[in-house]
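# Residue-level structure breakdown
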There are 2 protein chains.
Amino acid sequence: MKRTLFTVFTLGFILVFGRPATAQTVDSLPSWNDGKAKQSIIEFVATVTEEGSPDFVPPAERIAVFDNDGTLWAERPMYFQLLFALDRVKALAPQHPEWEDTEPFASLLKGDVKGALAEGMKSVVEIVMATHAGMTTAEFEAVVSDWIATARHPVTELPYTEMVYQPMLELLAYLRENGFKTFIVSGGGIEFMRPWAEKVYGVTPEQVIGSSIKVKFEVRDSTPVLVRLPELDFYDDKEGKPVAIHQQIGRRPIAAFGNSDGDLQMLQWTTAGQGPRYALYVHHTDAEREWAYDRKASMGRLDTGLDEAEAKGWTVVDMKQDWKVIYPHEKKQQ
Amino acid sequence: MKRTLFTVFTLGFILVFGRPATAQTVDSLPSWNDGKAKQSIIEFVATVTEEGSPDFVPPAERIAVFDNDGTLWAERPMYFQLLFALDRVKALAPQHPEWEDTEPFASLLKGDVKGALAEGMKSVVEIVMATHAGMTTAEFEAVVSDWIATARHPVTELPYTEMVYQPMLELLAYLRENGFKTFIVSGGGIEFMRPWAEKVYGVTPEQVIGSSIKVKFEVRDSTPVLVRLPELDFYDDKEGKPVAIHQQIGRRPIAAFGNSDGDLQMLQWTTAGQGPRYALYVHHTDAEREWAYDRKASMGRLDTGLDEAEAKGWTVVDMKQDWKVIYPHEKKQQ
C-alpha cells in the first residue's frame, strides 16, 4: 500500500506539475554522438512541442516521414526486397519448369544474379511480378513473414530485421514520445514491409506507405479474398513520394528523413511548408561498419540531394562520425 | 491549492484503481433509443475491450470503418459532392464561355440539372473533372473550405456540416474513447472530405479514405506543388472498398458501418475476419425527419445488402425507431 500511495502521489505530481525533471535529462538518443546532427533533432523537437510558442505544432500535425531502404535499414549488396524476390524464384522454381530456359529466371537459377539483372528495371519487374503476384494478400503476408523470420543477409549473416539502424530506432521512438506520428514512405513494397514493421520499427500497418501492385476483391467459396495482380499500382519513389504522402496522409509532414536522391522530392515537399520544418539525410560514410557510397552509387545514389542539403542547410548524418553503433546487436555488446 | 490536491488524488485514484465507476454508467450514445441496435454496439465494444478475455482486441487492431454519404451525413436530393460540383460549374462559368453550348454544362447553366445528368455517370465524370482538376491541391482545399463554410442545403437550408447524423457522431466518439481508430471509407472524394472531416467528425486526414483523381508533383518558381489532373486514380466503391482498406490501412477492420449496397463488400470483408466482428447498416426509414429509401433508390440503394444483413445477423438501424434525433441542431433544441 505504501508503494501504491507513492505511485498515486508521483503520478499526481506529474499530471499537475508537468513531466518530472529527469525526463529532460534522460538521453533518448544514446546511440548518437553529440554533435550537430543530434543537436539539430533535439532542437527541432523542442521547438515544435513548446506550448505557447509561435512555432508550436499540435500533435495531430506532427507528421514525420521516413524512407526505409538505406534510411531505416541497410540496402547492400542490393535492396533486401530484391534478395527476397531472388530467394522466392528459387523456392518457386519446381512449379515453373519453363523458367529453366526463360530469362531472367534461367540465369538466376544458375546462380548468375548479375546476368539475371542485366536488363535492369525490366528484369527486376519480371522477377518481382513472378514472385509477388498470383496469390491472395493473406498468402503473401505468410510468405514474407516466413522469409523475414528465417532468411540471413549474404554478407553479415544477420537476420534482415537486425540490420536496421539502432540510432534510427531511437529517433522513431523519440519522435513518437514527443507526440509525432511516424510514417514510412518507401520505394519498397508496402506488403513486404507491413508484416514486420510494427514489431521492428513500432510503425503500424496504416502508417506504412510504399510501392504497390494492384489487388482485386473476389469471393471464393463464400469467402472474400484479395488477390494480388501482376500489375503495378503505384511506384513510390522520387516525385511519387510527395504524391503518396498527399493521397495517403493528406497533410504535409513537418519532418522528413531519407538517404538518397529518390527521397529528394519528399524532403523538398516537406520543407516547403509554412512554419518549422526539418529534413535529414543519412549519408553512408562508414565502409567499415556498414557501407560507404553516395554520388556514384547505382542503388541509393545521393548526389543532387547532397548538394541541395548543403544549399538549404538540411542535416546530413555522417554515419561514421555521428553514430556510436549501427545495428542493435552492437549496442547489446557494449 | 485544495482543488489541486483534490485533482491529484482523483487522478491518482483513477490511474491506480482504474476508470471511475461513473464511466460505465454514463450514456455515451444519448441520441440512440434503447433497443437492439444500441445494445449490439455496446456489447461488441465491451467484448473486444475486456482485458483477459479470449475476444480481447489490442487497441492497435481496433479498426472501425465508416462509409460517409448516407452513413455519416445525408445524401439527398443527391450526393453533396455533386451539389458542390454543380455550384462550381456556375462559379467557373465566366471563365468557360464554351460551356454555354457544351453539354452537360449548357443544361446545367440553364438550371436543368436533370437534363445535365441525363447521360448518367458520363455526365457526372465530365462535371467532376471540370470542377475538381486543373488546380493545385492547396487551391482545391481552399475552394472546398469556402464552399462548406457558406453553402446551404437546397431543402433544409442547413449548412451541409449540420446534416451529419448526431447518433453517428456519438458512435464515432464512443469508439475512439474505447481505443478504436475510426476511418472513413467513402465513395466520395478524399480531398472533398479532408478539409472538414477532422472538425466535424474528429477524423484526421490520414484516416479519410475515398475516391481520388491523380495528382502530379511539379516545381513552380522553386516551389513544389501538387497539381490535380483530370484522370481518375481510384474509385472507392463496392469491390473498391476492401481494396482501399487493404492498400491504405493494411489491416482488416473489426467493425464496419454503411448504408448501401456500395458498402456490402466492405462489410463482407470486415466480417470474414477471425474473432469478433461487427457490421451495421443504417436503414433510411424516416421520411419525415430525413428521407426514406432503400431497395429501389437510384443513389444509395440498399437491396442485396438488406438481405445479406438479415441472413448474417448484421445490425440494421431503423432511423425512425432507433434514433432520437437525426441532426445535431435537434439535440440543441431538446
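This is a predicted model, so every value here is computed, not measured. (Residues numbered from 1 in each chain as written. Chains lettered and ligands numbered in written order. Predicted model: local features only at pLDDT ≥ 70, side-chain atom pairs only at ≥ 80, totals over all residues. Heavy atoms only, no water.)

## A few points about the overall build of chain A
- Of the regular secondary structure elements, chain A holds 15 helices and seven strands.
- In terms of overall dimensions, chain A is globule-like: its C-alpha atoms have a radius of gyration of 22 Å, near the 20 Å expected for 334 residues.
- A separation threshold of at least 6 residues defines the contact pool for chain A, and within that pool the share at least 24 residues apart is 66%.
- Approximately 15,300 Å² of chain A is accessible, and the part contributed by carbon and sulfur atoms is 53%. (Helix = DSSP H or I, 4+ residues; strand = E, 2+ residues; numbered from the N terminus. Rg over C-alpha atoms; globule rule 2.2 N^0.38 Å. Contact = heavy atoms within 4.5 Å. Areas by Shrake-Rupley, 256 points an atom, 1.4 Å probe, with all protein chains shown as cover.)

## Quick look at the relation of the copies chain A and chain B
- Of the transformation superimposing chain A on chain B, the axial component is 0.0 Å and the angular component is 180 degrees, with the fit at an RMSD of 0.0 Å. The transformation just described matches what one would write down for a two-fold rotation axis.
- When the interface residues of chain A are mapped onto chain B, 100% of them are again interface residues, pointing to one common binding face. (Least-squares fit on C-alpha atoms with pLDDT ≥ 70 in both.)

## Some details on the packing of helix H8 (residues 137-150) of chain B against helix H10 (residues 190-201) of chain B
All names here are of chain B.
- At a minimum axis distance of 9 Å, the contact between H8 and H10 shows a crossing angle of 60 degrees. Here H10 runs oblique to H8, going by the angle between their axes. The way H8 lies across H10 gives a crossing that is right-handed. Facing Phe140, Glu141, Val144, Ser145, Trp147 and Ile148 of H8, the residues of H10 in contact are Glu191, Phe192, Pro195 and Trp196.
- Grouping the constituent residues of the contact of H8 with H10 by class yields seven nonpolar, one polar and two charged. (Axes fitted to C-alpha atoms, helices over the stretch in contact; angles between N-to-C directions. Parallel < 35°, antiparallel > 145°, perpendicular 65-115°, else oblique. Left-handed = near helix turned anticlockwise from the far one by under 90°. Nonpolar A, V, L, I, M, F, W, Y, C, P; charged D, E, K, R; others polar.)

## Topic: the pairing of strand E5 (residues 255-258) of chain A
Residue and element names in this part refer to chain A.
- Both faces of E5 are covered, namely the face carrying Ala255 and Phe257 and the face carrying Ala256 and Gly258.
- Relative to strand E6 (residues 278-283), E5 runs parallel, the two sharing four bridges. Looking across to E6, one finds that alanine 255 is bridged to tyrosine 278.
- Handedness of the crossover is the feature at issue here: the chain leaves E5, passes through helix H12 (residues 264-271), returns alongside E6, and the resulting connection is right-handed. (Buried < 20%, exposed > 50% of the residue type's maximum accessible area, 1.4 Å probe, protein only. Pairing = 2+ DSSP bridges. Right-handed = clockwise from strand over helix to strand, strands pointing away.)

## Digging into the nonpolar core
Residue and element names in this part refer to chain B.
- Judged by nonpolar contacts, the single largest core of 73 residues is most densely connected at Trp32, Met168, Leu171, Tyr201 and Phe257.
- Tallying contributions element by element places helix H4 (residues 80-92) first for this core, with eight residues.
- Those residues in contact with methionine 168 that sit more than four places away from it in its chain are Trp32, Phe66, Thr71, Leu72, Phe257, Val282 and Trp323. (Core = buried A, V, L, I, M, F, W, Y, C linked by side-chain atoms within 4.5 Å.)

## Brief notes about the sheet that holds strand E7 (residues 315-318) of chain B
Residue and element names in this part refer to chain B.
- As summarised here, the arrangement of the seven strands in space is E4-E3-E2-E1-E5-E6-E7, forming an open sheet in which the pairing is mixed. Every interior strand has two partners, whereas the edge strands, strand E4 (223-234) and E7, have only one. Strand-to-strand twist in this sheet, taken as the mean axis angle between neighbours without regard to direction, amounts to 30 degrees.
- Where strand E3 (residues 208-220) and E4 come together, eight bridges link them in antiparallel fashion. Within E4, the residue paired with arginine 220 across the bridge is threonine 223.

## Here we look at the side chain of lysine 38 of chain B
Residue and element names in this part refer to chain B.
- Structurally, the position occupied by lysine 38 is in helix H3 (residues 36-49).
- Given the relative accessible area of 6%, lysine 38 is considered buried.
- A polar atom in the side chain of lysine 38 sits 3.2 Å from the backbone oxygen of leucine 29. (Polar contact = N/O pair within 3.5 Å; in protein donor to acceptor, adjacent residues only side chain to side chain.)

## Looking at empty space enclosed by the protein
- The full count for this structure, using the stated rule, is three cavities of 30 Å³ or more.
- Considering only enclosed or pocket space, the largest cavity measures out at about 50 Å³ in volume.
- Lining the largest cavity, in full, are Phe183, Glu206, Ile209, Gln248 and Ile249 of chain A together with Phe183, Glu206, Ile209 and Gln248 of chain B.
- When its residues are assigned to classes, the lining of the largest cavity shows five nonpolar, two polar and two charged.
- Approximately 40 Å³ is the volume attributed to the second largest cavity.
- If you trace the second largest cavity, you find it lined by Asn68, Asp69, Trp73, Gln81, Ser186, Gly188, Gly189, Phe192 and Met193 of chain A.
- Those elements that provide at least two residues to the lining of the second largest cavity are strand E2 (181-189) and helix H10 (190-201) of chain A.
- Per element, the largest residue contribution to the lining of the second largest cavity is three residues, and it comes from E2 of chain A.
- Tallied by class, the residues present in the lining of the second largest cavity amount to three nonpolar, five polar and one charged. (1 Å grid on protein atoms, 1.4 Å probe; cavity = no way out; pocket = protein on both sides within 12 Å on 5 of 7 lines; lining within 4 Å. Points joined across faces, edges and corners; volume = space filled by probe spheres on them.)

## Here's the deal with the confidence of the model for chain A
Residues and elements named next belong to chain A.
- Averaged over all residues, the pLDDT of chain A equals 93, while 93% of them reach at least 70.
- Per-residue pLDDT stays below 50 along residues 1-6; that stretch engages in two contacts with residues further than four places along the chain or on separate chains.
- Within the model, pLDDT remains below 50 along residues 8-23, and this stretch shows 14 contacts once partners closer than five positions in the same chain are excluded.
- For this predicted complex, the interface confidence comes out at an ipTM of 0.91, alongside a pTM of 0.92. (pLDDT = per-residue confidence, 0-100.)

## Quick word on unusual backbone geometry
- Between arginine 76 of chain B and the following residue, proline 77 of chain B, the backbone shows a cis peptide bond with an omega angle of 5 degrees.
- Here proline 77 of chain B is to be found in the loop between strand E1 (63-66) and H4.
- For serine 222 of chain A, which is not glycine, the phi torsion reads 65 degrees and is therefore positive.
- Structurally, the position occupied by serine 222 of chain A is in the loop between strand E3 (208-220) and strand E4 (223-234).
- For serine 222 of chain A, a relative accessible area of 68% translates into the label exposed.
- Of note in this structure, aspartate 221 of chain B is not a glycine but carries a positive phi near 50 degrees.

## Some words on the sheet that holds E6 of chain A
- Read from one edge of the open sheet, seven strands run E4-E3-E2-E1-E5-E6-E7 (chain A), paired in mixed fashion. At either margin of the open sheet sits one strand with a lone partner, and together these are E4 and strand E7 (315-318) of chain A. When strand polarity is set aside, the average angle formed by the axes of neighbouring strands in this sheet is 30 degrees.
- Strands E3 and E4 of chain A of the sheet are contacted by helix H11 (residues 240-249) of chain B, whose axis makes an angle of about 150 degrees with E3 of chain A.

## Focus on the packing of aromatic side chains
- Tallied over the entire structure, the rule returns 40 aromatic pairs over all chains.
- Plain terms: the ring middles of tryptophan 147 of chain B and phenylalanine 192 of chain B are 5.9 Å apart, the flat faces sit at 50 degrees to each other, and that makes the pair tilted. Of this pair, tryptophan 147 of chain B sits in helix H8 while phenylalanine 192 of chain B sits in helix H10, and the two are 45 residues apart along the sequence.
- A connected cluster of aromatic rings, assembled from ring pairs, spans Trp73, Phe80, Phe84, Phe140, Trp147, Tyr160, Phe192, Trp196 and Tyr201 of chain A.
- Stacked on the ring of tyrosine 293 of chain A, the Lys or Arg arginine 76 of chain A has its end atom at 3.7 Å from the ring centre. (Phe/Tyr/Trp six-rings, centres within 6.5 Å; stacked < 30°, edge-to-face > 60°. Lys NZ or Arg CZ within 6 Å of the ring centre and 35° of its normal.)

## Some details on the interface of chain A and chain B
- With 41 residues of chain A at the interface, the matching set in chain B holds 42 residues.
- In total, about 3,600 Å² of surface goes out of reach between chain A and chain B, with carbon and sulfur atoms giving 66% of it.
- By the criterion of area lost to chain B, the three top residues of chain A are Glu206, Phe217 and Gln247 of chain A, representing 18% of everything that side buries.
- Viewed at the interface, chain B and chain A are joined by four salt bridges.
- Here arginine 251 of chain A makes a salt bridge to glutamate 198 of chain B, at a shortest N to O gap of 2.6 Å.
- Across the chain A-chain B interface, the total number found is twelve residue pairs in polar contact (both at pLDDT 80 or more).
- When residues of the side of chain A that touches chain B are traced back to their parent elements, those giving at least two are helix H1 (2-17), E2, H10, E3, E4, helix H11 (240-249) and H12 of chain A.
- No other element matches H1 of chain A, which puts seven residues into the side of chain A that touches chain B. (Buried area = accessible area lost by both parts, 1.4 Å probe. Salt bridge = Lys/Arg side-chain N within 4 Å of Asp/Glu carboxyl O.)

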